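# Summary of structural features
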Amino acid sequence: MPKEFIKRHLPDPESIRNNKSLKFLGPLIHQPDLWHLNRRSVSKAFAIGLFWAAIPMPFQMIAAAFCALRFNANLPLSLALVWISNPLTMPPMFYAEYLLGAWILDIPASSFEYELTFEWLKEKLFEIGIPMYFGAIILGAFSSIIGYFTINALWKRNTLNKWRLRAEKRKANKKKR
């Protein structure tokens, strides 16, 4: 994974550290591991961000931030990846999670029409919510594991390619002499 590509799209660590709304974190926000771009911190950030992106809950970014702090993952990347679930992707993601959970729990997937009323929500919460959250946890765990190992492998492959190119360059320079 090219470090320069990730650096280009992430906010400046100093601007995040100086953010007044994050002052309650105190010295935790100053841990250098939260800002480093290395194979381990980026792989962990992908696992955290992909997991919390799959969980249907408000304030996913707060949960991802606490996990990044706890596991010394890259904080900005963990937070950015949560936005995979956004207003455009949420409906198909949540429906897929519901279908997955219903299939695993062996509950027949019911067709339903959505109504924006408290009565509808109260009536359908357990019927839809339990399979959806079960499917979300399964999908989140699966995507975080796949994301972690994929980023780890891509980072290693990129590093090995750089080493190989440097070795070839050195060999070519020796032949020129």
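Before going into details, it helps to say that this report is about the structure given with it. (Residues numbered from 1 in each chain as written. Predicted model: local features only at pLDDT ≥ 70, side-chain atom pairs only at ≥ 80, totals over all residues. Heavy atoms only, no water.)

## Details of the overall build of the protein
Put simply, the test is: The helix count covers DSSP runs of H or I at least four residues long, the strand count covers runs of E at least two residues long, and both are numbered beginning at the N terminus. Only protein chains enter the area calculation, which uses a 1.4 Å probe; residues under 20% of their type maximum are buried, those over 50% are exposed, and those in between are partly exposed. We call two residues in contact when some of their heavy atoms are within 4.5 Å. What sets the accessible areas is the Shrake-Rupley method with a 1.4 Å probe; for residues, cover comes only from the shown protein chains.
Counting its secondary structure elements, the protein contains seven helices and zero strands. Out of the 177 residues belonging to the protein, those deemed buried represent 34%. Long-range contacts, defined here as pairs at least 24 residues apart, represent 73% of the contacts in the protein between residues at least 6 apart. When the accessible surface of the protein is totalled, it reaches about 12,000 Å², and 67% of it is carbon and sulfur.

## Details of the packing of aromatic side chains
Where two aromatic rings form a pair, the distance of their centres and the angle of their planes describe that pair. Operational definition: For Phe, Tyr and Trp, rings pair up if their centres lie within 6.5 Å, where Trp contributes its six-membered ring, and each pair is then called stacked (planes under 30 degrees apart), edge-to-face (over 60) or tilted (otherwise).
With the rule as written, the count across this model stands at three aromatic pairs. Judged by centre distance (5.1 Å) and plane angle (85°), the rings of phenylalanine 51 and tryptophan 52 are edge-to-face. With relative accessibility at 22%, the residue phenylalanine 51 sits in the partly exposed group. Its relative accessible area of 17% is what places tryptophan 52 among the buried residues. Where tyrosine 148 meets phenylalanine 149, the ring centres are 5.2 Å apart and the plane angle is 90°; that geometry is what we call edge-to-face. Residue classification places phenylalanine 149 among the exposed residues on the basis of a relative accessible area of 53%.

## Regarding a positive patch on the surface
Spelled out, the test is: Residues form patches when they are more than 30% accessible in relative terms and have no salt bridge. Like charges link within 9 Å. Nonpolar side chains (Val, Leu, Ile, Met, Phe, Trp, Tyr) link within 5 Å. For this analysis, a salt bridge means a side-chain nitrogen from Lys or Arg found within 4 Å of a carboxyl oxygen belonging to Asp or Glu. Asp and Glu count as negative and Lys and Arg as positive, but His and the ends of the chain are not part of the count. Where a charge sits is defined by one atom per residue type, namely NZ (Lys), CZ (Arg), CG (Asp) or CD (Glu).
On the surface, Lys162, Arg166, Arg170 and Lys174 cluster together into a patch of positive charge. When its relative accessible area of 63% is taken as the criterion, lysine 174 is described as exposed.

## Digging into a nonpolar patch on the surface
Together, Trp103, Ile104, Leu105, Ile107, Phe118, Leu121, Leu125, Phe126, Ile130, Phe134 and Ile138 give the surface a local cluster of nonpolar side chains, amounting to about 1,100 Å² of exposed area. Looking at the nonpolar patch, the elements that each hand over two or more residues are α6 (90-104) and α7 (118-176). Take isoleucine 130: it is sitting in helix α7.

## Looking at the packing of helix α4 (residues 60-71) against helix α5 (residues 75-82)
The following threshold applies: Fitted lines through C-alpha atoms give the axes, limited to the stretch in contact for helices. The angle between two N-to-C directions lies from 0 to 180 degrees. Here the word oblique covers every angle except those under 35 degrees (roughly parallel), over 145 (roughly antiparallel) and from 65 to 115 (roughly perpendicular). Should the near helix be turned anticlockwise from the far one by less than a right angle, the crossing is termed left-handed; should it be turned clockwise, right-handed. Gly is put with the polar residues, along with every residue not named as nonpolar or charged; the nonpolar set is Ala, Val, Leu, Ile, Met, Phe, Trp, Tyr, Cys and Pro, and the charged set is Asp, Glu, Lys and Arg.
Two elements in contact, α4 and α5, have axes whose closest approach is 9 Å; the angle formed by their N-to-C orientations is 150°. As judged from the angle between their axes, α4 and α5 are roughly antiparallel. Pair α4 / α5 crosses with right-handed handedness. On α5, the residues that touch Gln60, Met61, Ala64, Ala65 and Ala68 of α4 are Leu75, Ser78, Leu79 and Val82. Per-class residue counts for the contact of α4 with α5 are seven nonpolar, two polar and no charged.

## As for the environment of tyrosine 98
Tracing the sequence through the fold places tyrosine 98 in helix α6. Distance from tyrosine 98 to glycine 135, taken between C-alpha atoms, is 5.9 Å for residues 37 residues apart in sequence.

## Examining the environment of asparagine 38
Convention followed: What qualifies as a polar contact is a pair of N or O atoms within 3.5 Å, subject to a donor-acceptor requirement within protein and to the restriction that residues adjacent in sequence count only when both atoms come from side chains.
Assignment of secondary structure puts asparagine 38 in the loop between α2 (13-17) and α3 (39-54). In this structure, the C-alpha to C-alpha distance between asparagine 38 and asparagine 74, residues 36 residues apart in sequence, is 8.7 Å. Among the polar contacts made by the side chain of asparagine 38, one reaches the main-chain amide nitrogen of serine 41 at a distance of 2.8 Å.

## Re the nonpolar core
What counts, and what does not: Definition used in this section: a nonpolar core is a set of buried Ala, Val, Leu, Ile, Met, Phe, Trp, Tyr and Cys residues joined via side-chain atoms within 4.5 Å.
Ranked by size, the top nonpolar core spans 25 residues in total, and within it Val42, Phe46, Ile48, Trp52, Ala64, Leu75 and Leu77 carry the most contacts. Those elements that place two or more of their residues in this core are α3, α4, α5 and α7. Each residue touching tryptophan 52, except ones within four places of it in the same chain, is listed here: Met57, Gln60, Ala63, Ala64, Cys67 and Val82.

## Some remarks on α6
Going by this rule: The length a helix should cover is 1.5 Å for every residue beyond the first. When we speak of the arc, we mean the arc of directions from the helix axis to the C-beta atoms.
In a regular helix each residue adds 1.5 Å, so 15 residues correspond to 21 Å; α6 covers 21 Å between its end C-alpha atoms and thus fits that length. Of the residues making up α6, those classed as buried are Met93, Phe94, Glu97, Tyr98, Gly101 and Ala102. All buried residues of α6 lie within an arc of 165° about the axis, which places them on one face of the element. Exposed and facing more than 90 degrees away from the buried side of α6 are Pro92 and Trp103. Buried-residue contacts for α6 involve α3 and α7. Within two residues after α6, aspartate 106 carries a phi angle of roughly 55°, on the positive side.

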